[in-house]
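# Per-entry structural report
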Amino acid sequence: MARRFSGSFTQQEPIPAEAIDAAVAVLQSGRLHRYNLTPGEAGEVALLEAEYRDWQGSDYCLALTSGGQAIQIALRACGVEPGDAILTNGFTLAPVPGAINAVGGKAVLVEIDENLRLDLDDLTTRIKASGARFLLLSHMRGHLCDMNRLMQICNAAQVTVIEDCAHTMGARWHGTRSGNFGKVACFSTQTYKHMNSGEGGFLTTNDPQLAARATILSGSYMLYGRHGAGPAPEDFDAARYEMPNCSARMDALRAAILRPQLGALDSNITRWNARYEVVERALKGHNRIATIALPEAEQHVGSSIQFRLPDFTADQCRAMLDAAATRGVELKWFGAKEPMGFTSSHHSWRYVAAQDLPQTDRIMGTLFDMRLPLSFSEADCALIGELICESVSEVAA
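Reading the values: the criteria
- Every residue gets a number counted from 1 within its own chain, in the order that chain's sequence is written.
- It should be noted that, the model being predicted, local features are given only for residues of pLDDT at least 70 and side-chain atom pairs only at 80 or more, the latter also being counted only at that level, while totals for whole chains, interfaces and linings use all residues.
- Side-chain calculation: all heavy atoms of the structure are included, whereas hydrogens and water are not.
- Each helix corresponds to a stretch of at least 4 residues labelled H or I by DSSP, and each strand to a stretch of at least 2 residues labelled E; elements are numbered beginning at the N terminus.
- Throughout, the radius of gyration refers to the C-alpha atoms, and the reference size of a globule is 2.2 Å times the residue count to the power 0.38.
- Burial classes: relative accessible area under 20% of the type maximum marks a residue as buried, over 50% as exposed, and values in between as partly exposed (1.4 Å probe, protein chains only).
- Residues count as neighbours in contact if any of their non-hydrogen atoms are within 4.5 Å of one another.
- Only the protein chains shown count as cover for residues, with accessible areas throughout obtained via the Shrake-Rupley method and a probe of 1.4 Å.
- Positive charges come from Lys and Arg, negative ones from Asp and Glu, while His and the chain ends are left out of the count.
- Each charge is placed at NZ for Lys, CZ for Arg, CG for Asp and CD for Glu.
- Two strands qualify as a pair provided that DSSP identifies no fewer than 2 bridges between them.
- To define axes, lines are fitted to C-alpha atoms, for helices over the stretch in contact only, and angles between the resulting N-to-C directions are given on a 0 to 180 degree scale.
- Think of a salt bridge as a Lys or Arg side-chain nitrogen and an Asp or Glu carboxyl oxygen that are within 4 Å of each other.
- When describing relative orientation, an angle under 35 degrees is termed roughly parallel and one over 145 degrees roughly antiparallel, while 65 to 115 degrees is termed roughly perpendicular and anything else oblique.
- The hand of a helix crossing depends on one turn: near helix anticlockwise from the far one by less than a right angle means left-handed, and clockwise means right-handed.
- Classes in brief: Ala, Val, Leu, Ile, Met, Phe, Trp, Tyr, Cys and Pro nonpolar; Asp, Glu, Lys and Arg charged; the others, Gly included, polar.
- Only buried residues count toward a nonpolar core, which is a set of Ala, Val, Leu, Ile, Met, Phe, Trp, Tyr and Cys residues joined through side-chain atoms within 4.5 Å.
- The arc refers to the directions leading from the helix axis to the C-beta atoms.
- Two N or O atoms form a polar contact when they lie within 3.5 Å of each other; inside protein one atom must be a possible hydrogen donor and the other a possible acceptor, and for residues adjacent in sequence the pair counts only when both atoms belong to side chains.

Here we come to the overall build of the chain. What the chain contains, in helices and strands, is twelve helices and 14 strands. Taken against the 2.2 N^0.38 rule, which gives 21 Å for 397 residues, the C-alpha radius of gyration of the chain at 21 Å falls within 12% of a compact globule. With respect to the principal axes defined by its C-alpha atoms, the chain has extents near 70 × 55 × 35 Å. Buried positions account for 55% of the 397 residues belonging to the chain. For the chain, contacts bridging at least 24 residues in sequence account for 73% of all contacts bridging at least 6. Per element, the accessible surface of the chain, about 16,200 Å² overall, is 49% carbon and sulfur. Here the chain holds 36 positive side-chain charges and 45 negative ones, and the gap between their average locations is 3 Å.

What follows is the structure, given as structure tokens:
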């Protein structure tokens, strides 16, 4: 009988005791709404916004109900109007094209390269062909493309960059944090991301006018002065009349849970990367497995790992899922024709016009993905790496 891993790929670490205490205090107060404050009280959400602003190194931060809502609000605040072409990755998760659709935009999908990053040559081509003036850049599964070259391309073409950093909270390119390259950045604190509030997100920017528009869009009413990392009152002079209320505010309970987690985030990134390196080392030892190259300029956050089996057929890829599952290893395959769980391809997004992406389709056809929760030990990760290699060998034979 094959060796088996018995851990859960969806089990996160417990919420820290300090965060539980803070959440209980909020619950006992009965004041969960971010603006339900006593005179002179800052509130958990405003405190979190200021702390995340400082950690991220941005000028402004807005706490929201989800990363997906952060993207929608960012697009609106940047001036996207119905019918506008929005460039984005051909390989991403459904909330990204979903946000484009929700604001009336038209997604223009860009090819990826074999390391899952945006193909910058194809980006240049599609900017010219589409006339698009916005790029919603998804740092998919934690991989940053050459951000210096990307910004040169986009700045030269006057393309506004919105960064989706749901998978790169804390990652860096040449020392600069992801989210600090484009006009605005969006982050997620959904359970499977780098901080866990069940659902939640942030929007960061250095543009005061954009921050003001986003704040009104979030549903601040005229209470924007109670935010912890917002622009000056005069920056709201136009926004408060022009922006609709989308009711996407983060509540005090989620903020209370997140604040202690932010303090542990840098050490957790180190722990994720140690686990990633253990699995990657095992995978690199198998001649049928292609791992994802990590550029020297990139400091990634290894909360998930990806690999390709370039020589496998679709039937072998399906068999690979079964062989790994028999060993207790939960893999996701991006080559399936039907969407499953969180996994889908651009062919499943029927609200997006069908587009020809042969390179992306080829890469995704043999692409596998696996979560690396911090509830796994490094010994667990070593076993998982061995079990994946065993599964590949079994199917290949």
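Once that is clear, we can look at the pairing of strand β9 (residues 201–205). Counting buried residues in β9 gives five out of five residues, a clear majority hidden from the surface. Covered by surrounding structure in β9 are G201, L203 and T205 together with F202 and T204, the residues of both alternating faces. Relative to β9, strand β1 (residues 60–64) is paired through five bridges, and the arrangement is antiparallel. Considered in β9, the bridge of C61 is made with T204. Sheet topology places strand β8 (residues 184–188) next to β9; five bridges connect them, and they run antiparallel. Of the residues in β9, the one forming a bridge with S188 is G201.

Let us look at the pairing of β8. When you tally the buried positions in β8, you get five out of five residues, the bulk of the element. Residue alternation in β8 divides its side chains into two sets, V184, C186 and S188 and A185 and F187, and both sets are buried. When strand β5 (residues 160–164) meets β8, the two strands line up parallel, connected through three bridges. Considered in β8, the bridge of E163 is made with A185.

Bringing the sheet that holds strand β2 (residues 85–89) into the picture now. Pairing is mixed across the open sheet formed by seven strands, whose spatial order is β1-β9-β8-β5-β4-β2-β3. Two strands close off the open sheet at either side, each with one partner strand: β1 and β3 (106–110). Within the sheet, the average angular offset between the axes of one strand and its neighbour, ignoring direction, is 20 degrees.

Taken as a whole, this structure holds 22 salt bridges when the rule is applied. Two residues, E41 and R31, come together in a salt bridge whose shortest N-O distance is 2.8 Å. Of the two residues, E41 is situated in the loop between α1 (17–29) and α2 (44–56) and R31 in the loop between α1 and α2; the sequence distance between them amounts to ten residues. E41 gets classed as partly exposed once you look at its relative accessible area, which sits at 32%. By relative accessible area, which is 25% here, R31 ends up partly exposed. K332 is paired through a salt bridge with E330; the nearest N and O atoms lie 3.2 Å apart. One network of salt bridges, in which partners are shared, links R3, R327, E386, E390 and E394.

So, about the packing of helix α3 (residues 67–77) against helix α4 (residues 95–102). It is at 9 Å that the axes of α3 and α4 come closest, and there the two elements cross at 40 degrees. Classified by the angle between their axes, α3 and α4 sit oblique to one another. In this structure, α3 crosses over α4, and the sense of that crossing is right-handed. Judged by residue contacts, G68, I71, Q72, L75 and R76 of α3 engage V96, A99, I100 and A102 from α4. Counted by class, the contact of α3 with α4 contains six nonpolar, two polar and one charged residues.

Glancing now at the nonpolar core. In this structure, Y52, L123, L135, L150 and F202 are the most contacted members of the largest nonpolar core, which totals 47 residues. Looking at this core element by element, the count peaks at six residues for helix α9 (residues 252–284). Sequence-distant contacts of Y52, defined by excluding residues within four places in its chain, comprise C61, M169, F187, M195, F202, T204 and L262. With 36 residues, the next largest nonpolar core counts L64, C78, W349 and L357 among its residues.

Our focus in this paragraph is the side chain of D235. Note that D235 resides in the loop between α7 (208–218) and α8 (239–242). For the buried D235, no salt bridge exists, and the shortest N-O distance to an oppositely charged side chain is 9.0 Å, to R213. Once residues lying within four places of it in the same chain are set aside, the contact partners of D235 are P208, Q209 and A212.

The next thing to look at is helix α6 (residues 147–156). For α6, every residue scored as buried is listed here: M147, L150, M151, I153 and C154. Along the axis of α6, the buried positions cluster into a sector of 160 degrees, meaning they face one direction only. In α6, the exposed positions angled more than 90 degrees off the buried face are occupied by Q152, N155 and A156. Contacts made by the buried residues of α6 are with α5 (120–130), β4 (134–138), β5 and β6 (172–173). Structurally, the start of α6 carries an N-cap: the backbone nitrogen of N148 is 3.2 Å from a side-chain oxygen of D146. Just downstream of α6 lies Q158, where phi reads positive at about 55 degrees.

Let's shift gears to the sheet that holds strand β13 (residues 332–333). Overall, antiparallel pairing links the four strands, which are arranged β10-β12-β14-β13 in an open sheet. Each edge of the sheet is formed by a strand with only one pairing partner; in this case those strands are β10 (290–291) and β13. Relative to strand β12 (residues 304–308), α9 is tilted by about 15 degrees, and along the sheet it contacts β10, β12 and β14 (367–371).

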